[in-house]
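One letter stands for each residue in the lines below.
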Amino acid sequence: MEISPYKINVLVLGSGAREHAIGWKIKQSDKLNKLYFVPGNGGTKDLGTNINSEINDFESIKKICLKFKINMLIVGPEGPLVNGICDFFKNDLRLKNIIFIGPNKLCSKLEGSKDFAKKFLIKNNIPTAKYKSFNKSEIKEAKLFLDSISPPYVIKADGLAGGKGVLIFDDITKAKFEINEMLLNKKFGDSSKKVIIEEFLDGIELSVFLILDGENYIILPSAKDYKKIGEGDSGLNTGGMGAISPVPFLKKSFFKKIKNKIILPTIAGLKREKINYSGFLFIGLMKFNEEPYVIEYNVRLGDPETQVILPRINSDFLDLLIHIKDKNLNNYQIKIDDRFASTIFLVSGGYPKKYEINKLIENTNKISDSILFHGGTKSKNGSLYTSGGRVISVTSINKTMNDAIKISTKNSEKIKFEKKYYRGDIGFDL
Ligand code: AMP
Ligand code: GLY
């Protein structure tokens, strides 16, 4: 398949607000010909064509790519990456020339296996919480290890668990019970065949994002997300309830530490181990005692972080992605807007537990000073309905963080659907 030097057809894989934001950004490029989403949502259909398919059905995605003459595939969520979609494309004669945005299966283990990520961090002297990993035959050792450390106890399933695989306990009895649940009773299926127990780091979280082409990398804007469902960071973990970019406490001196102690050793480690990393890399960090520690690597962009990062990139983002093809990201000049972006997620009442869908969404057409990135929405007979837990991410940009948040909050109030919920305190700790 020849790639036109002028305009290309792009397929974005996924159905969240992150994928809507990616589509929104590349839609602004004059290098774009046609834009497709698999499966997309009620918002993405206004930017391009939604095509229904399971995102882990690689044969089906292959057919779609061939039928619509796709030149670039951008993978939003981690699942297909960890399952090897990149390798599937690279090993197929008819697909291998498609510009593939996302790392291969080996690289994706940085997110797909916490034990793999921890071993990488430690081998490369990158600061991270102390840890040990245990499998089913080591339950006794796992409990003895818990006895030897002090609370809070951080217990993680090794594999992907949809953001639910990390549990933190003050009570050792509960922690030991959880070890049984994960290792013996397969609480997270194969993902908890192995568990990680790690030291608790009592700090403030932030994330940095890179894009790599296997040789070079570019640092994207930083962000902080709000994972808890309740105000004041209380209650259950969610996929993310809101985000801010840039991170106000990420001053030059702290950024220098992140670059020297985290980013450069990560890049050097990938090179040393000949892990040919191409795609986005999301580094979740904890600022603890004025030092950065890696909490996790993700092999994709974050949701809702993307909804505050991409609106702050002023240069042609599709052009940036095209540079990955020839491994010449070093020739790309990224331009970043120094204003603040905030996003607030409107979610279905009950989320992250059981929630109802099919609620009519009103007033989205009355919003002019925020960008609405759809997650769980679908369009039916010309109207918009909820179809998931995280429904719409309301992004605003302003010179000050507080004004950006104020605008997102005002518009979050304006949009109506039954049992809508959102956090009114995004940014409260900054
Ligand atoms: P993860 O899926 O590894 O990002 O973990 C989910 C959340 O658990 C993180 O965003 C942190 O809030 C928290 N967490 C994970 N590891 C630790 C740790 N070692 N110390 C304190 N909090 C942690
Ligand atoms: N917002 C966190 C994530 O995308 O993993």
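Residues numbered from 1 in each chain as written. Chains lettered and ligands numbered in written order. Predicted model: local features only at pLDDT ≥ 70, side-chain atom pairs only at ≥ 80, totals over all residues. Heavy atoms only, no water.

Chemist: Any chance you could break down the overall build of the protein for me, citing the residues and the numbers?
Modeler: Within the protein, the secondary structure is distributed over 12 helices and 23 strands. Its C-alpha atoms give the protein a radius of gyration of 21 Å, within 12% of the compact-globule value 22 Å for 430 residues. In terms of principal-axis extent, the alpha carbons of the protein reach across some 60 × 50 × 45 Å. Expressed as a percentage of its 430 residues, the buried residues of the protein come to 55%. Across the protein, contacts joining residues at least 24 apart in sequence account for 69% of those joining residues at least 6 apart. A total of about 18,600 Å² of accessible surface is found on the protein, and carbon and sulfur atoms cover 49% of it. (Helix = DSSP H or I, 4+ residues; strand = E, 2+ residues; numbered from the N terminus. Rg over C-alpha atoms; globule rule 2.2 N^0.38 Å. Buried < 20%, exposed > 50% of the residue type's maximum accessible area, 1.4 Å probe, protein only. Contact = heavy atoms within 4.5 Å. Areas by Shrake-Rupley, 256 points an atom, 1.4 Å probe, with all protein chains shown as cover.)

Chemist: Any details on the side chain of Asp337? Residues and values, ideally.
Modeler: On the secondary structure map, Asp337 appears in the loop between α11 (317-322) and β17 (340-348). In this structure the side chain of Asp337 is engaged in a polar contact, spanning 2.8 Å, whose partner is the side chain of Arg339. Non-local contacts of Asp337, meaning those with residues more than four positions away in its chain, are made with Arg312 and Asn314. (Polar contact = N/O pair within 3.5 Å; in protein donor to acceptor, adjacent residues only side chain to side chain.)

Chemist: Please provide a residue-by-residue account of the packing of helix α5 (residues 105-112) against helix α6 (residues 114-123), values included.
Modeler: Relative to each other, α5 and α6 sit at 95°, their axes nearing to 6 Å. Comparing the axis directions of α5 and α6 gives the class roughly perpendicular. Across the interface between the two elements, Leu106, Lys109, Leu110 and Gly112 of α5 pack against Lys114, Phe116, Ala117 and Phe120 of α6. Across the contact of α5 with α6, the residue classes break down as 5 nonpolar, 1 polar and 2 charged. (Axes fitted to C-alpha atoms, helices over the stretch in contact; angles between N-to-C directions. Parallel < 35°, antiparallel > 145°, perpendicular 65-115°, else oblique. Nonpolar A, V, L, I, M, F, W, Y, C, P; charged D, E, K, R; others polar.)

Chemist: Can you explain a nonpolar patch on the surface? Please cite residues and give values.
Modeler: A cluster of nonpolar side chains, namely Val166, Ile168 and Phe200, defines an oily patch on the protein surface of about 220 Å² accessible area. Examined against the element boundaries, Phe200 turns out to sit in the loop between β9 (194-198) and β10 (204-213). (Patch = residues over 30% accessible without salt bridge, like charges linked within 9 Å, V, L, I, M, F, W, Y side chains within 5 Å. Salt bridge = Lys/Arg side-chain N within 4 Å of Asp/Glu carboxyl O.)

Chemist: Give a detailed account of the sheet that holds strand β3 (residues 49-50), specifying residues and quantitative values.
Modeler: If you walk across this open sheet you meet the 5 strands as β3-β2-β1-β4-β5, and the pairing is parallel. A strand with exactly one partner marks an edge of an open sheet, and here the two such strands are β3 and β5 (99-101). Both strand β1 (residues 8-14) and strand β4 (residues 72-75) contribute to a ladder of 4 bridges, which runs parallel. The residue of β4 that forms the bridge with Leu11 is Leu73. (Pairing = 2+ DSSP bridges.)

Chemist: An account of the site of ligand 1 is needed here, citing residue identities and associated values.
Modeler: Inspection of the region around ligand 1 gives 15 residues, with Glu198, Glu199, Leu201, Glu205 and Glu296 positioned closest. Taking Lys114, its side chain carries an N or O atom lying 3.3 Å from an oxygen atom of ligand 1. Separating a nitrogen atom of ligand 1 from a side-chain N or O atom of Lys156 is a distance of 2.9 Å. Counting only elements with at least two residues in the shell around ligand 1, the list comes to β7 (153-157), β8 (166-169) and β16 (291-298). Of the residues belonging to the shell around ligand 1, the class tally is 8 nonpolar, no polar and 7 charged. (Near = heavy atom within 4 Å.)

Chemist: Residues and numbers for the site of ligand 2, please.
Modeler: Contacts to ligand 2 come from Asp225, Gly239, Phe282, Asn298, Arg300, Gly302, Asp303, Pro304 and Glu305. Within the side chain of Glu305, one N or O atom sits 2.9 Å away from a nitrogen atom of ligand 2. Coverage of ligand 2 by the protein chains reaches 89% of its 200 Å² of free accessible surface. Class assignment for the residues of the shell around ligand 2 results in 2 nonpolar, 3 polar and 4 charged.

Chemist: So what's going on with the environment of Glu291? Which residues, and what values?
Modeler: With respect to the helices and strands, Glu291 occurs in strand β16. In the structure, Glu291 is positioned 88 residues away from Gly203 in sequence and 9.5 Å away in space, judged by C-alpha atoms. Within polar-contact distance, the side chain of Glu291 engages the side chain of Lys261 at 2.8 Å.

Chemist: Explain the sheet that holds strand β21 (residues 383-386) residue by residue, including any values.
Modeler: Read across the sheet, 3 strands follow the order β18-β21-β20 without closing on themselves; strand pairing throughout is antiparallel. Of all the strands in the sheet, the pair left with one neighbour each is β18 (360-361) and β20 (377-380). Here β18 runs beside β21; their pairing, made up of 2 bridges, is antiparallel. Pairing of Leu360 across the sheet is with Tyr385, part of β21.

Chemist: Go over the pairing of β9 with me, naming the residues and quoting the values.
Modeler: Among the 5 residues of β9, 4 are classified as buried, and the element is accordingly described as predominantly covered. Sheet topology note: the strand β6 (residues 131-135)/β9 ladder contains 5 bridges and is antiparallel. Looking at β9, one finds that Phe134 is bridged to Val195. Pairing between β7 and β9: 4 bridges, direction antiparallel. Along β9, the bridge assignment pairs Ile155 with Ile197.

Chemist: Tell me about the packing of aromatic side chains, and please be specific about residues and values.
Modeler: In total, this model carries 12 aromatic pairs according to the counting rule given. When the ring of Phe120 is compared with that of Tyr297, the centres are 5.9 Å apart and the planes differ by 75°; the resulting orientation is edge-to-face. Of this pair, Phe120 sits in helix α6 while Tyr297 sits in strand β16; the two residues are 177 residues apart in sequence, bridging distant segments of the chain. A relative accessible area of 2% means that Phe120 is categorised as buried. (Phe/Tyr/Trp six-rings, centres within 6.5 Å; stacked < 30°, edge-to-face > 60°.)

Chemist: Can you explain the packing of helix α7 (residues 139-148) against helix α8 (residues 172-183)? Please cite residues and give values.
Modeler: Two numbers describe how α7 lies on α8: the axes approach to 10 Å, and their chain directions differ by 155°. When the axis of α7 is compared with that of α8, the two are roughly antiparallel. Two packed elements cross with a definite hand, and for α7 against α8 that hand is right-handed. On α8, the residues that touch Ile139, Ala142, Lys143, Leu146 and Asp147 of α7 are Ile172, Ala175, Lys176, Ile179, Asn180 and Leu183. Across the contact of α7 with α8, the residue classes break down as 7 nonpolar, 1 polar and 3 charged. (Left-handed = near helix turned anticlockwise from the far one by under 90°.)

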